[in-house]
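Chain and residue survey
Listed here are the chains, written in short residue letters.
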Amino acid sequence: MPDFAYVARDSRGQRLTGTLTANSQREAIAQLDARSLFPVELSQTKDVGDARNKRVSGQVMATVYTQLASLLRSGVPLMRSLTVMSAQASKPALKAVLEEIKARVEEGEPLPVAMARFPRVFSDMAVNMVRAGTEGGFLEDALERVATFTEQQEELKGRAIGALAYPIFLAVVGSTVVTVLIVFFVPKFETLFASLREKGQLPWATDALLNLSAFLQAYWYIPVVGAIAAGIGLSYFLRRPEGKQFFDWFKIKMPMFGSIFLNLAVARFCRVLGTLLANGVPILKSLDISSSAAGNRILSQSIKKASENITAGEKLATPLAASGHFPNQVVEMIAVAEESNTLDKVMVQIADGLEKTTFRRLDIMVKLLEPLMLLLMAGIVFFIVLALMVPLLNSSSTV
């Protein structure tokens, strides 16, 4: 439904502004009439609807949560805090969202309900923690916890991208060098090897290399179109539910990096669950939110099955162990935490330990991957040079 911005006057003649959601302008007028408000101006908003479709970076949102918590802790009222935050917002999308939230809170809508209208800006975890903080009277603490969690996730993402940046750079540069050699350098030897090819004395490696070079020169558009078509097809497949399911399964099953993806997903689940429980969110609601926050559909399905077992009166550790996706050490720690009623603290500790262990393994694997890729690129270049030099050496020895 579209949103409408209005300027109206109440029964005492006071001027009021705000926004409301309605199917049409007539319905919006009816809503104002039900509130005993006389509309002066009424127009459909556009910028907020566009803002809902845009994302705001996690680092920016962490700053927003921190600043809002600081303002509230300093005694600044919520409405004044939202006004200051919207005025200072540097991103147009964030500014529009904060202004809309301010308008809805001014109308009497709870803060978490207003935040939930922007799922691409505020995560389910942030909304539910703010809801728990609002109901429990610890909104400032809840916002600080959300800010801390968001910063940790952004740091986690940054470290993962930073660790893989150099291997990806090596792969791109190496592929470019090999392509240039085959397309532009190898054809220069075609005339030198013409007589050897006619006599059948050309080594198979040299003949295959020359044929590949000739094919790429004459039909370069075939691999280019094929790569584009494959990319489009893969992108379409991965956007479908079965494609997303397959990709999540492949990530945790792939050689070398599968355990890293799985451990990071488990760590995200544990951190979100522990943070939500520490802020008073019920266990079933916390499991529902944290299952989505894990970022892996295979793991989310296992967590949702565990949630069903908890509804039936069982412990959390038992179904998690039965899924086979959680390390034994993690399951044992969860079982002990359930018995001692310290699940919220232990889940955060599990997340910290898994992230440290996983990043140590990732650093080691990346350090091993870099020389392996260098060796692979060097091996391909050596094969090209050798395939070109062997016929020349044989010809010179024959002469």
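The following paragraphs examine the structure supplied in this document. (Residues numbered from 1 in each chain as written. Predicted model: local features only at pLDDT ≥ 70, side-chain atom pairs only at ≥ 80, totals over all residues. Heavy atoms only, no water.)

1. Quick look at the side chain of Ser286
Under the convention used in this document: Helical segments are the DSSP runs of H or I of at least four residues, strand segments are the runs of E of at least two, and each set is numbered from the N terminus. Buried residues are those whose accessible area, probed at 1.4 Å on protein chains only, stays under 20% of the maximum for their type, while exposed residues exceed 50% and partly exposed ones sit between those limits. For this analysis, a polar contact is any N or O atom pair within 3.5 Å, provided that within protein one partner can donate a hydrogen and the other can accept it, and provided that sequence-adjacent residues contribute only side-chain to side-chain pairs. The contact definition used throughout considers only heavy atoms, calling two residues in contact when any of these lie within 4.5 Å.
Mapped onto the elements of the fold, Ser286 is located in helix H14 (residues 283–293). Among the residues examined, Ser286 registers a relative accessible area of 0% and is labelled buried. One polar contact links the side chain of Ser286 to the main-chain carbonyl oxygen of Pro282, over a distance of 2.8 Å. Those residues in contact with Ser286, other than ones at most four positions away along the chain, are Leu273, Leu276, Leu277 and Val281.

2. Observations regarding the packing of helix H12 (residues 241–253) against helix H13 (residues 258–278)
The criterion, for reference: Only C-alpha atoms enter the line fits that serve as axes; for helices the fit covers just the stretch in contact. Angles between N-to-C directions range over 0 to 180 degrees. Each angle gets one of four labels, with under 35 degrees taken as roughly parallel, over 145 as roughly antiparallel, 65 to 115 as roughly perpendicular, and the rest as oblique. Each residue is assigned to one of three groups, with Ala, Val, Leu, Ile, Met, Phe, Trp, Tyr, Cys and Pro labelled nonpolar, Asp, Glu, Lys and Arg labelled charged, and all others, Gly among them, labelled polar.
Two elements in contact, H12 and H13, have axes whose closest approach is 5 Å; the angle formed by their N-to-C orientations is 110°. The angle between H12 and H13 places the two elements in the roughly perpendicular class. On H13, the residues that touch Lys251, Ile252 and Lys253 of H12 are Gly258, Ser259, Phe261 and Leu262. Looking at the contact of H12 with H13, its residues break down into three nonpolar, two polar and two charged.

3. Overview of the pattern of salt bridges
What counts here: When a carboxyl oxygen of Asp or Glu lies within 4 Å of a side-chain nitrogen of Lys or Arg, that pair is called a salt bridge.
With the rule as written, the count across this model stands at 10 salt bridges. Glu144 serves as the salt-bridge partner of Arg73, at 3.2 Å between the closest nitrogen and oxygen. Within this pair, whereas Arg73 is found in helix H3 (residues 58–73), its partner Glu144 is found in helix H8 (residues 139–185), the two being separated by 71 residues in sequence. Classification of Arg73 as partly exposed rests on a relative accessible area of 45%. Residue Arg104 is joined to Glu100 by a salt bridge in which the shortest nitrogen-to-oxygen separation is 2.6 Å. With Arg104 and Glu100 both in helix H5 (residues 92–106) and four residues apart, this pair spans about one turn of that helix. By the burial criterion, Arg104 is buried, and Glu100 matches it. Each of Arg73, Asp141 and Glu144 takes part in a single network of salt bridges with overlapping partners.

4. As for the layout of surface pockets
Keep this limit in mind: Using a 1 Å grid laid over the protein atoms alone, points where a 1.4 Å probe fits but cannot get out form a cavity; open sets with protein on both sides within 12 Å along at least 5 of 7 lines form a pocket; any residue with an atom within 4 Å of a point counts as lining. Grid points are joined across faces, edges and corners, and a volume is the space filled by probe spheres set on the points.
As a volume, the largest pocket reaches approximately 1300 Å³. As for the largest pocket, its lining consists of 38 residues, of which Gln153, Glu154, Lys157, Arg268 and Ala293 are closest to the centre. At the level of elements, H3, helix H7 (124–136), H8, H13 and H14 are the ones that each hand at least two residues to the lining of the largest pocket. No other element matches H8, which puts 10 residues into the lining of the largest pocket. Tallied by class, residues from the lining of the largest pocket come to 23 nonpolar, eight polar and seven charged.

5. Structural notes on the environment of Leu181
Within the secondary structure, Leu181 is located in helix H8. Accessibility expressed as a relative area gives 21% for Leu181, which makes it partly exposed. In sequence terms Leu181 and Val381 are 200 residues apart; their C-alpha atoms lie 8.4 Å from each other. In this structure Leu181 touches Val186, Val381 and Ile384, once residues within four positions along its chain are discounted.

6. A word on the environment of Gln152
Its place among the elements puts Gln152 in helix H8. Expressed as a C-alpha distance, the spacing of Gln152 and Leu82, which sit 70 residues apart in the sequence, is 25 Å.

7. Focus: empty space enclosed by the protein
The method is simple in principle: a probe with the dimensions of a water molecule rolls over the atoms, and the space it marks as empty is what remains. Within the structure shown, the criterion is met by one cavity of 30 Å³ or more. Looking at the largest cavity, its volume works out to about 70 Å³. Around the largest cavity, the lining residues are Val64, Tyr65, Leu68, Leu82, Leu98, Ile101, Leu111, Met115, Phe122 and Leu143. Of all the secondary-structure elements, those providing two or more residues to the lining of the largest cavity are H3, H5 and helix H6 (111–116). No other element matches the three residues that H3 contributes to the lining of the largest cavity. Counted by class, the lining of the largest cavity contains 10 nonpolar, no polar and no charged residues.

8. Some points on H12
To keep things clear, this is the line we draw: Take the residue count of a helix, subtract one, and multiply by 1.5 Å to get its expected span. Each C-beta atom gives one direction from the helix axis, and the arc is the one those directions make.
With 13 residues, H12 extends 18 Å from end C-alpha to end C-alpha; this agrees with the ideal 18 Å at 1.5 Å per step. What H12 keeps buried is the set Gly243, Asp248, Lys251 and Ile252. Down the axis of H12, the buried set is contained in an arc of 160°. They therefore lie on one face. Check the buried side of H12 and you find it contacts helix H11 (221–239), H13 and helix H15 (297–311).

9. Observations regarding H13
With 21 residues, H13 ought to run about 30 Å at 1.5 Å a step, and its terminal C-alpha atoms sit 30 Å apart, in line with that. Among the 21 residues in H13, 17 count as buried, and that is most of the element. Of the residues flanking the end of H13, it is Gly280, one or two places downstream, whose phi is positive at about 85°.

10. Remarks on a nonpolar patch on the surface
Stated precisely, the cut-off is as follows: Every patch collects residues that have over 30% relative accessible area and no salt bridge, joining them within 9 Å if they carry like charges and within 5 Å if they are nonpolar side chains (Val, Leu, Ile, Met, Phe, Trp, Tyr). Here the Shrake-Rupley method, with its probe set to 1.4 Å, supplies the accessible areas, and only the displayed protein chains count as covering residues.
A cluster of nonpolar side chains, Leu212, Phe215, Tyr219, Trp220, Tyr221, Ile222, Val224, Val225, Ile228 and Ile232, forms an exposed patch at the surface whose accessible area comes to about 970 Å². If you list the elements that add at least two residues to the nonpolar patch, you get helix H10 (204–218) and H11. Counting residues per element, the nonpolar patch draws most heavily on H11, which supplies six residues. Position of Phe215 relative to the elements: it lies in helix H10.

Taken by themselves, the reported measurements are silent on function.
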